[in-house]
Amino acid sequence: MRKFSLGDVVNSDKGRRGVVRAAFKSREGQQFYAVEKDGAMDYLEEDRLSPAPRVELAA
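Scoring rules and cut-offs
- Residues numbered from 1 in each chain as written.
- Predicted model: local features only at pLDDT ≥ 70, side-chain atom pairs only at ≥ 80, totals over all residues.
- Heavy atoms only, no water.
- Helix = DSSP H or I, 4+ residues; strand = E, 2+ residues; numbered from the N terminus.
- Contact = heavy atoms within 4.5 Å.
- Buried < 20%, exposed > 50% of the residue type's maximum accessible area, 1.4 Å probe, protein only.
- 1 Å grid on protein atoms, 1.4 Å probe; cavity = no way out; pocket = protein on both sides within 12 Å on 5 of 7 lines; lining within 4 Å.
- Points joined across faces, edges and corners; volume = space filled by probe spheres on them.
- Nonpolar A, V, L, I, M, F, W, Y, C, P; charged D, E, K, R; others polar.

Draft legend 1. Local environment of the environment of Phe32. By the secondary structure assignment, Phe32 is in strand 3 (residues 31-37). Residues Phe32 and Phe4 lie 28 residues apart in sequence; the distance between their C-alpha atoms is 10 Å. If we skip the residues at most four places from it in the chain, Phe32 touches Ala22, Ala23, Phe24, Ser26, Leu44 and Glu45.

Draft legend 2. Main features of the environment of Ala22. Mapped onto the secondary structure, Ala22 falls in strand 2 (residues 17-25). Residue Ala22 is classed as partly exposed on the basis of its relative accessible area, which comes to 28%. As a C-alpha pair, Ala22 and Ser5 span 17 residues in sequence and 8.3 Å in three-dimensional space. With residues near it in sequence (within four places) discarded, Ala22 still touches Leu6, Phe32, Tyr33 and Ala34.

Draft legend 3. Focus on empty space enclosed by the protein. Inspection of the entire model under this criterion finds one cavity of 30 Å³ or more. The volume enclosed by the largest cavity comes to roughly 40 Å³. Considering the residues around the largest cavity, the lining is formed by Val10, Asn11, Ser12, Arg16, Arg17, Gly18, Val35, Lys37, Asp42, Leu44 and Leu49. Secondary structure elements with two or more residues in the lining of the largest cavity: strand 1 (9-12), strand 2, strand 3 and strand 4 (40-45). Ranked by the residues each element gives to the lining of the largest cavity, the list is headed by strand 1, at three residues. Each residue belonging to the lining of the largest cavity can be placed in one class, and the counts come to four nonpolar, three polar and four charged.

In C-alpha cells, the structure reads:
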C-alpha cells in the first residue's frame, strides 16, 4: 500500500520539499516515488520521505 498519493507535498530526508509526480515499485518490491522540485525530478524510496506539514493561511 502506498503511503503517498500523486500531488502530495513531501519532505525528503535531505530537507528538500517537493511534489509527488509518480509512484512505482522496484523489481524487489520496494516502493519508490518521483518527486519534483523546481522542475527537477528525484527518485526516492518511501522510507526517505515524510509528509510536509500543512500551513494554514490567515484570511
